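Chain by chain, the residues run as shown.
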Amino acid sequence: MSEERRARPDIAEMSGRPSLPRKSGELVFGNDWERRAFAIAVCLAEQGMFDWSEFQQQLIESVGEAERGDPQNPERGYYESWLMSLERLLARKQLLARPAP
Amino acid sequence: MSDHRHQHDSPPSPYHRSDRTEARNKELAARVEKIESLLIEKGLVAKDALDRIVDIYEHDLGPMNGAKVVARAWVDPDFKGRLLEDATAAIAELGFGGLQGEHMVVVENTPRVHNVVVCTLCSCYPWPVLGLPPAWYKDPAYRSRVVIDPRSVLAEFGTAVHDDVEVRVWDSSAEVRYLVLPERPSGTERLSEDELAKLIDRDSMIGVTTVAVR
């Protein structure tokens, strides 16, 4: 029997600036690394390595930084801010540093 | 389609671009690769789990949210009033958001009016409430024929609309996403909101069918 997995509404339906780029509902990834970065963050949250709200807060900050110069022309794209958020949260939680469980 | 002023499906947020140089992309890909391999090494993520997550989030959006919106409107006249007045805000009350600048408009079916939704140019769709559009919604045949001869198209979906009922066709766009509020079927007076929500399917909220008691 295949385990039932569903998209979490708090991730799939984030609103405002941190909302996931979509086209007709389907996620839009410009490059494969964007897809991988998306999956890594979601996977870690699903496993309880951090709370999704922590990642979302970090994402809001990263996206906010990117528009400091010109809100209509942010200095980096969505998934670049996403990756930066992931790196910062991993560092803060020391998830890459601590020994394997 | 780019010469058409009626914009469709364009991501309105400036963040949603990914126009980068090849070198920059390589650098970013390497950073992701590094995180991924470290996490795999530590046993914190598995490669196939990552693939499954992308698959789930790309495809697992169903019409359940829309059904909840409709069921609430059937049992709560005040909510229905707000829904018809400002659908985006009323839908947000139930915790469903995620649209990127588009407005939701709810059109109500009555004994005199039957509404049906299309996107004549592409496949604009109220995905936060209805999930992903069915294949036929994107089919050029549906998109053109439902405008020219909606009654025949509805008949093909098994929906007979009486001659004295007006059929209104709503064309979705990047700015406005329509959702049909179907009529509550008779014989459902005793059902709870949750039971009602189970009766409401995707097609009835696009307007190609009506809600029936199963």
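What comes next is a walk through the structure. (Residues numbered from 1 in each chain as written. Chains lettered and ligands numbered in written order. Predicted model: local features only at pLDDT ≥ 70, side-chain atom pairs only at ≥ 80, totals over all residues.)

Here the focus is the overall build of chain B. The number of helices and strands found in chain B is 11 helices and 4 strands. Looking at chain B as a whole, 34% of its 214 residues qualify as buried. Contacts in chain B between residues at least 24 apart in sequence constitute 74% of all its contacts with a sequence separation of at least 6. (Helix = DSSP H or I, 4+ residues; strand = E, 2+ residues; numbered from the N terminus. Buried ≥ 20, exposed ≤ 12 C-beta atoms within 10 Å, placed from the backbone. Contact = placed C-beta atoms within 7 Å.)

Right, let's talk about the overall build of chain A for a bit. Scanning chain A from N- to C-terminus turns up 4 helices and 2 strands. For chain A, the N- to C-terminal ordering of α and β elements is α-β-β-α-α-α. Classification of the 101 residues of chain A by burial places 39% in the buried group. Contacts in chain A between residues far apart in sequence, at least 24 positions, make up 58% of those at least 6 positions apart.

Right, let's talk about the packing of helix 2 (residues 32-46) of chain A against helix 4 (residues 78-93) of chain A for a bit. For any two helices packed against each other, one specifies the crossing angle of their axes together with the interaxial distance. All names here are of chain A. Axis separation between helix 2 and helix 4 bottoms out at 10 Å; the angle between their running directions is 40°. If you check the angle between helix 2 and helix 4, you find them oblique. Helix 2 and helix 4 meet at a crossing whose hand is left-handed. Residue-level contacts link Glu34, Ala37, Phe38, Ile40 and Ala41 of helix 2 to Tyr79, Trp82, Leu83 and Leu86 of helix 4. (Axes fitted to C-alpha atoms, helices over the stretch in contact; angles between N-to-C directions. Parallel < 35°, antiparallel > 145°, perpendicular 65-115°, else oblique. Left-handed = near helix turned anticlockwise from the far one by under 90°.)

Turning our eyes to something else, we now look at the environment of Thr120 of chain B. Note that Thr120 of chain B resides in the loop between strand 2 (113-118) and helix 6 (127-130). Every residue in contact with Thr120 of chain B, bar those within four places of it in the chain, is listed here: Arg143, Val147 and Asp171 of chain B.

These figures capture arrangement, not role.
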